[in-house]
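# Reading the structure
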Amino acid sequence: MKKFLAGLGAAALLTSLAAPAAQSQDLFDGGRIGGGSSQLVSTGSSLPGNELSEVGSKVNLNEYAGKWYQVAALPQPYSLQCASDTTAEYGVLDESTISVRNSCGTFFGPSVIEGTAAVRSDASLRVNFSGVPFQDPDGPTNYRVTYLDDAYSLAIVGDPNRNSGFVLSRTPALSAERWSEVRSIVENRGWWSCSFLTVPMAEGRKDVVPLCAL
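- Going by what an unreviewed UniProt entry lists, the protein is known as Apolipoprotein D and lipocalin family protein and is assigned to Corynebacterium pollutisoli.

Put into structure tokens, the structure is as follows:
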């Protein structure tokens, strides 16, 4: 059955330094110290307009599953500890539920948080993380796929009100032409592209730059 999966991840803030070597303990408890609820989102990052649109067709859950690199994002308060190499991994639990595993590099080692997401429509879901406060499993949709290319290699997702936004790629490095395409899509969907920051990647960009500057 064809359903949908949206991307998740933690946004990197203004730093171009790579995270140090991994340590055995996640000192930030998988983002929970930062208040890792997906309901904690910033405001003032989008242009006035209608609700964020869904991608025009059903998303195939099995094709969307796997590892994604979060190459750019609208910074979120629950990801303050993340400095580099932010990824999201998804697995199919059943036709209406997926597993979510977000990870990123911090100055103290890797940070990991796991959860599940319930499919709400062809291109929207509700995600919740274990042990994170201020969550309502029955709450409204909080992530939506608004763009997905035919090859399932690039996705742009966010919440319906555009208070969050993530650019997900199957590869950590994008070409200049691809970055230009991303900026155009982000702006077309009603976001302010300068509010999106690139995420440092060991095998991709090493800097943090507003999307509007690319």
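### Describing the nonpolar core
- Tyr64, Leu148 and Leu168 are the most contacted members of the largest nonpolar core, which totals 26 residues.
- Counting residues in hydrophobic clusters, the runner-up holds 19 residues, among them Tyr147, Trp179, Ile185 and Trp191.

### Concerning the environment of Ile156
- Of note, Ile156 is situated in strand β7 (residues 154-158).
- Residues Ile156 and Val182, 26 residues apart in the sequence, show an inter-C-alpha distance of 8.2 Å.
- Ignoring sequence-local partners within four residues, the contact set of Ile156 consists of Arg144, Val145, Thr146, Tyr147, Phe166, Val167, Val182, Ile185, Val186 and Trp191.

### Notes on the packing of aromatic side chains
- For the structure shown, the criterion picks out 5 aromatic pairs.
- Ring geometry for Trp191 against Phe196: centres 5.4 Å apart, planes inclined by 75 degrees, an arrangement best described as edge-to-face.
- Looking at Phe196, the relative accessible area reads 0%, which means it is buried.
- Through pairs of rings, three or more aromatic residues link up here, namely Tyr64, Trp68, Tyr90 and Tyr152.

### Quick look at the state of the cysteines
- Scanning all chains against the criterion turns up 2 disulfides.
- Note on cysteine connectivity: Cys194 is disulfide-linked to Cys212, with sulfurs 2.0 Å apart. Across the S-S bond linking Cys194 and Cys212, the dihedral sits near 110 degrees, which makes this disulfide right-handed. Taken as a pair, Cys194 in the loop between α2 (176-188) and β9 (197-198) and Cys212 in the segment after β9 lie far apart in primary sequence, 18 residues in all.
- Taking the relative accessible area as the measure of exposure, Cys194 reaches 26% and is therefore partly exposed.
- Disulfides within the protein link the bonded cysteines, taken in sequence order, as 1-2, 3-4.

### Topic: the environment of Tyr64
- Within the fold, Tyr64 resides in helix α1 (residues 61-64).
- According to the relative accessible area criterion, Tyr64 is buried, its value standing at 0%.

### Re the environment of Lys58
- Relative to the assigned elements, Lys58 resides in the segment before α1.
- A relative accessible area of 46% places Lys58 in the partly exposed class.

### With respect to the pattern of salt bridges
- Per the counting criterion, the structure on display carries 8 salt bridges.
- Among the ionic pairs, Arg101 bridges to Glu89, the shortest N-O distance being 3.9 Å. Here the residue Arg101 occupies a position in strand β3 (residues 97-106), and Glu89 occupies one in strand β2 (residues 84-94), the gap between them amounting to 12 residues.
- On the accessibility criterion, Arg101 (33% relative accessible area) is partly exposed.
- Put simply, Glu51, Glu54 and Arg144 are held in one network by salt bridges that share partners.

What counts as what
- Numbers given for residues are sequential positions, taken from 1 along each chain in its written order.
- Confidence filtering applies because this is a predicted model: local features only for residues at pLDDT of at least 70, side-chain atom pairs given and counted only at 80 or more, and all residues used for totals across whole chains, interfaces and linings.
- Calculation of side-chain values draws on the structure's entire complement of heavy atoms; hydrogens and water are dropped beforehand.
- Here, the term nonpolar core denotes a set of buried Ala, Val, Leu, Ile, Met, Phe, Trp, Tyr and Cys residues that are joined through side-chain atoms within 4.5 Å.
- Note on classification: 1.4 Å probe, protein chains only; a residue is buried when its accessible area is under 20% of the maximum for its type, exposed when over 50%, partly exposed between these limits.
- The helix count covers DSSP runs of H or I at least four residues long, the strand count covers runs of E at least two residues long, and both are numbered beginning at the N terminus.
- Contacts are assigned to residue pairs that have any heavy atoms within 4.5 Å of one another.
- Paired rings are identified among Phe, Tyr and Trp, the last through its six-membered ring, by centres lying within 6.5 Å, and are further divided according to the angle between planes into stacked (under 30 degrees), edge-to-face (over 60) and tilted (the rest).
- The definition used for a disulfide is geometric: two cysteine sulfur atoms within 2.5 Å.
- A pair is scored as a salt bridge if a Lys or Arg side-chain nitrogen falls within 4 Å of a carboxyl oxygen belonging to Asp or Glu.

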